[in-house]
Amino acid sequence: MSNLPATAACVLAAALVWPCASTALPSELSFQEALALARTRAPALLEAEGLVAEAQGPVAGTNPLLRENPTLSAEAGSRKLDTGKRGTQFSVGLSQPFELGGKQGARRESAHAGLARQGAEKRDTERRVLGEVGAAFLRALHARELSRLLHETEEAAKHLADATKKRFDAGDVPIVDAHVTRVALARTHAAVAVAEGEESISLSELRALLGLPLEAPLTVRGDLRELASLPVPAPPSAQERPDIVALEAGLAQAEAELRLGRSQRWPDVSVGVRYENEVDETAVLGTLSVPLPVFSRGQEETVTQDARVRRLRTALEMARRAREVQVEAARIRDAKRQQALEVLVKDALPLLDENEALARKSYEAGEMDLAELLLVRRETLETRVALLDSHLQAALARVQLAVETGVLP
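Below or above, wherever it landed, is the structure these notes cover. (Residues numbered from 1 in each chain as written. Predicted model: local features only at pLDDT ≥ 70, side-chain atom pairs only at ≥ 80, totals over all residues. Heavy atoms only, no water.)

For the rest of this paragraph, the subject is the overall build of the chain. A tally of regular secondary structure across the chain gives 9 helices and 6 strands. At 37 Å, the chain has a C-alpha radius of gyration far larger than the 22 Å of a compact globule built from 409 residues. Taken along its principal axes, the extent of the C-alpha atoms in the chain is 145 × 40 × 40 Å. Of all 409 residues assigned to the chain, the portion counted as buried reaches 38%. Treating the 51 positive side-chain charges of the chain as one cloud and the 59 negative ones as another, the clouds have centres 5 Å apart. (Helix = DSSP H or I, 4+ residues; strand = E, 2+ residues; numbered from the N terminus. Rg over C-alpha atoms; globule rule 2.2 N^0.38 Å. Buried < 20%, exposed > 50% of the residue type's maximum accessible area, 1.4 Å probe, protein only. Lys, Arg positive; Asp, Glu negative; His and termini not counted. Charge placed at Lys NZ, Arg CZ, Asp CG, Glu CD.)

Pasting the structure below:
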């Protein structure tokens, strides 16, 4: 594959890594604009942002110095003395619960790990959504170019049908030739209708991924050949893929929850002070309340979180292995798609126009019959469609490689 100008590499870098956000909703989108619009409007990303905002709640709950509020209690009543008189008795108490066993620290670590997990999952959602949007954009662009190619083929088939009818009227060709060209034209009409439908469907799929309403006008612009050839930026060596980061944060959260469950073996004490007034006597007392963890010792939390820790450790190990396989598979797919595209561009593309022109001249000179001409045209069309499909597959492979290596977010 030939080297591209530096400006071309910058274009893809901007498209995949730093697409400029835009508050407008243009009806015609380039590849870069589609990715930028996805970052601000994609429903999956909006939901992920909401989950990150929700994860701020537990973090805010661990900010106070103590988890529980102090308790103010009061008692008042009358009392009959031995002398037969009545007096007033009242008391006021203030107590503050304290957690022991590192519960507050474990809860704080769990909340921050949960927030980190949601943030990583948001970045991973962005990585996947941008990959889906990029692929949908490429399919829409492919459908547009295929529709354009078939429209050109339709025009050529119409001209051939008209020319053959004139030759039949002049007695140069049999009626079967005129019928054959009319059948070929009908087949081309049908292919154009299907291509136009596929173009509309692909735009609807892109519209759904971008969160655009059905009535919103949408078209795509760009060159599929350029997008199939632009290089993918290399990922930073120290940057981990966000789905792996999310699993690591989830494991850290589970370990903190496990420590919290084990700390339930420690009772939470409540320390306070109490003032009592009984008729003409007063007293100030210190209070201490200690629940005895005889029956409930955090058994459920400990067993559940211990199993969760073991499950996430296994999932993290499997995800790291899967990431290596996915990246390698994406690299192989990209290399082979580029190789296939290069063969078609180098060996087939230069001959297509020449073959069709030579066949047309030979038919007009009477050196080639209609069946041979139609065969050449069909082979030419199939090769052009195969070349267009190869451009699509090469571009999709580039996007997938960017997704697997984690350079989209």
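Structure shown, so let's carry the discussion forward.
Now for the pairing of strand β2 (residues 71–80). Buried residues are scarce in β2, accounting for 0 of its 10 residues. Direction of pairing for β2 relative to strand β3 (residues 86–98): antiparallel, over a ladder of 10 bridges. Looking at β3, one finds that glutamate 75 is bridged to serine 91. (Pairing = 2+ DSSP bridges.)

Another aspect to go through is the environment of methionine 318. Tracing the sequence through the fold places methionine 318 in helix α8 (residues 299–364). Residue classification places methionine 318 among the partly exposed positions, given a relative accessible area of 39%.

Attention now moves to the environment of leucine 349. Note that leucine 349 resides in helix α8. Taking relative accessible area as the criterion, leucine 349 reaches 33% and is therefore assigned partly exposed. It is 7.9 Å that separates the C-alpha atoms of leucine 349 and arginine 384, two residues lying 35 residues apart in sequence. When near neighbours in sequence (up to four residues on either side) are disregarded, leucine 349 contacts Leu344 and Leu387. (Contact = heavy atoms within 4.5 Å.)

Strand order in the open sheet formed by 4 strands is β2-β3-β5-β6, with antiparallel pairing between adjacent strands. Unpaired on one side and paired on the other, β2 and β6 (281–289) mark the two borders of the sheet. Strand-to-strand twist in this sheet, taken as the mean axis angle between neighbours without regard to direction, amounts to 15°. Here strand β5 (residues 269–278) pairs with β6 via 9 bridges, running antiparallel. Each residue of the ladder has a partner; that of tyrosine 275, found in β6, is valine 284. (Axes fitted to C-alpha atoms, helices over the stretch in contact; angles between N-to-C directions.)

Bridge count for β3 against β5 is 10 bridges, and the pairing is antiparallel. Looking at β5, one finds that glutamine 96 is bridged to valine 271.

Okay, the nonpolar core next. By size, the foremost hydrophobic cluster in this structure holds 41 residues, and its most contacted members are Val133, Phe137, Leu138, Leu206 and Leu210. Looking at this core, the elements with two or more residues in it are α2 (31–41), α4 (103–169), α5 (175–209), α6 (224–229) and α9 (370–405). Looking at which element gives the most residues to this core, the answer is α4, with 11 residues. Each residue touching phenylalanine 137, except ones within four places of it in the same chain, is listed here: Leu29, Ser30, Phe31, Ala34, Leu206, Val220, Arg221 and Leu227. (Core = buried A, V, L, I, M, F, W, Y, C linked by side-chain atoms within 4.5 Å.)

Judged by side-chain polarity, Leu65, Leu66, Phe98, Val271, Leu288, Val290, Leu292, Val294 and Phe295 come together as a nonpolar surface patch covering roughly 950 Å² of accessible area. Among the structural elements, valine 294 can be located in the loop between β6 and α8. Residue valine 294 is classed as exposed on the basis of its relative accessible area, which comes to 53%. (Patch = residues over 30% accessible without salt bridge, like charges linked within 9 Å, V, L, I, M, F, W, Y side chains within 5 Å. Areas by Shrake-Rupley, 256 points an atom, 1.4 Å probe, with all protein chains shown as cover. Salt bridge = Lys/Arg side-chain N within 4 Å of Asp/Glu carboxyl O.)

Okay, the packing of α8 against α9 next. Look at α8 against α9: their axes get within 8 Å of each other, and the N-to-C directions meet at 160°. The pairing of α8 with α9 is recorded here as roughly antiparallel in orientation. Handedness of the α8/α9 crossing: left-handed. Broken down by class, the residue content of the contact of α8 with α9 amounts to 19 nonpolar, 10 polar and 11 charged. (Parallel < 35°, antiparallel > 145°, perpendicular 65-115°, else oblique. Left-handed = near helix turned anticlockwise from the far one by under 90°. Nonpolar A, V, L, I, M, F, W, Y, C, P; charged D, E, K, R; others polar.)

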